[in-house]
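Architecture and fold: a report
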Amino acid sequence: GAGVSQSPSNKVTEKGKDVELRCDPISGHTALYWYRQSLGQGLEFLIYFQGNSAPDKSGLPSDRFSAERTGGSVSTLTIQRTQQEDSAVYLCASSLRSGVYYNSPLHFGNGTRLTVT
Amino acid sequence: GQQLNQSPQSMFIQEGEDVSMNCTSSSIFNTWLWYKQDPGEGPVLLIALYKAGELTSNGRLTAQFGITRKDSFLNISASIPSDVGIYFCAGQSSSNTGKLIFGQGTTLQVKP
């Protein structure tokens, strides 16, 4: 079946512009995550949606970052007034379910490589 | 915030050798997952662990959920060139909303 789909795969933008990154999770997956991966680094947690619960936004690095998940499916990560340090690969993942006591494994998309010039 | 310490950062080994890497946490985890990432792609799940002490194998890969619930290791036996990549541990703490946090990764290179 279809995996997690992210678009665009590459995005080059000028400093100060806003960008929107899109994630289509696997159908039926209730949990959706955004991570950021800088060159040669690990995965930095950004935000996590689980069903109808309030999202865990504890990883968003500044108020320039926001994300929404419409209808419990597609998610959009928005970065306003981009800075050069925002350049990274933004990875989206979904899982069947997750919670305090149990996590189904995450399935990742191939990411959006964002370059801010 | 919560952190996972993954080691080693990188390994360069000869084909056929066994490999071991591990992750430790300062807090108790309910779930440990091991992922592999190839260049230009998202991480792919290798092994999932849900019980303290659990030992699980997937082909040449073996992983264990530490009895203290604060650590996990991944072993790869008889390495082959296609094992090259970055390996990540990931865990879910018992004290948060369910989010998964990742280690910094172990870069594995295999010399034929």
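First things first, this report covers the structure right here in the doc.

Conventions used here
Residues numbered from 1 in each chain as written. Chains lettered and ligands numbered in written order. Predicted model: local features only at pLDDT ≥ 70, side-chain atom pairs only at ≥ 80, totals over all residues. Heavy atoms only, no water. Pairing = 2+ DSSP bridges. Helix = DSSP H or I, 4+ residues; strand = E, 2+ residues; numbered from the N terminus. Axes fitted to C-alpha atoms, helices over the stretch in contact; angles between N-to-C directions. Core = buried A, V, L, I, M, F, W, Y, C linked by side-chain atoms within 4.5 Å. Buried < 20%, exposed > 50% of the residue type's maximum accessible area, 1.4 Å probe, protein only. Contact = heavy atoms within 4.5 Å. Salt bridge = Lys/Arg side-chain N within 4 Å of Asp/Glu carboxyl O. 1 Å grid on protein atoms, 1.4 Å probe; cavity = no way out; pocket = protein on both sides within 12 Å on 5 of 7 lines; lining within 4 Å. Points joined across faces, edges and corners; volume = space filled by probe spheres on them. Nonpolar A, V, L, I, M, F, W, Y, C, P; charged D, E, K, R; others polar.

Before going further, it helps to examine the sheet that holds strand 7 (residues 61-65) of chain B. Residues and elements named next belong to chain B. The 5 strands are arranged 1-3-8-7-6 in an open sheet whose pairing can be described as antiparallel. Strands at the two margins of the open sheet, each flanked by one partner only, are strand 1 (4-7) and strand 6 (55-58). Going from strand to strand, the sheet's axes swing by 15 degrees on average, the running direction of each strand aside. Two strands pair when backbone bridges link them, and strand 3 (residues 19-25) and strand 8 (residues 71-76) are joined in this way by 6 bridges, in the antiparallel orientation. In the sheet register, C23 faces strand 8, and the bridge partner there is S72.

Below, the discussion takes up the nonpolar core. In terms of nonpolar packing, the biggest core is built from 22 residues, with B:W32, B:W34, B:L74 and B:L108 touching the most fellow members. Residue assignment for this core shows that the elements contributing at least two residues are strand 2 (10-14), strand 3, strand 4 (29-37), strand 5 (44-49), strand 7, strand 8, strand 9 (85-93) and strand 11 (106-111) of chain B. In this structure, B:L108 is in contact with B:M11, B:I13, B:V19, B:I76, B:D83, B:V84, B:G85 and B:Y87, ignoring residues within four places of it in sequence. One finds A:L32, A:W34, A:L60 and A:L114 within the second-largest nonpolar core, a separate group that totals 20 residues.

Quick look at the pattern of salt bridges now. Residue and element names in this part refer to chain A. Evaluated as defined, the whole model comprises 5 salt bridges over all chains. Here R36 ties to E44 by a salt bridge, and the two come within 3.1 Å at their closest N and O atoms. The salt bridge involving R64 is made with D86; its shortest N-O contact spans 2.8 Å. With R64 in the loop between strand 5 (43-50) and strand 6 (65-69) and D86 in the loop between strand 7 (75-79) and strand 8 (88-95), this pair connects stretches of sequence that are 22 residues apart. A residue is classified by how much of its surface remains accessible, and R64, at 12% relative accessible area, is buried.

Each pocket or cavity is described by its volume, and for the largest pocket that value is around 460 Å³. Lining the largest pocket are 27 residues; nearest its centre among them are A:Q37, A:R113, B:Q37, B:P39 and B:G40. Contributing elements (two or more residues each) for the lining of the largest pocket: strand 8 and strand 10 (112-116) of chain A together with strand 9 and strand 11 of chain B. Counted by class, the lining of the largest pocket contains 9 nonpolar, 15 polar and 3 charged residues. Taken as a whole, the second largest pocket encloses approximately 360 Å³ of empty space.

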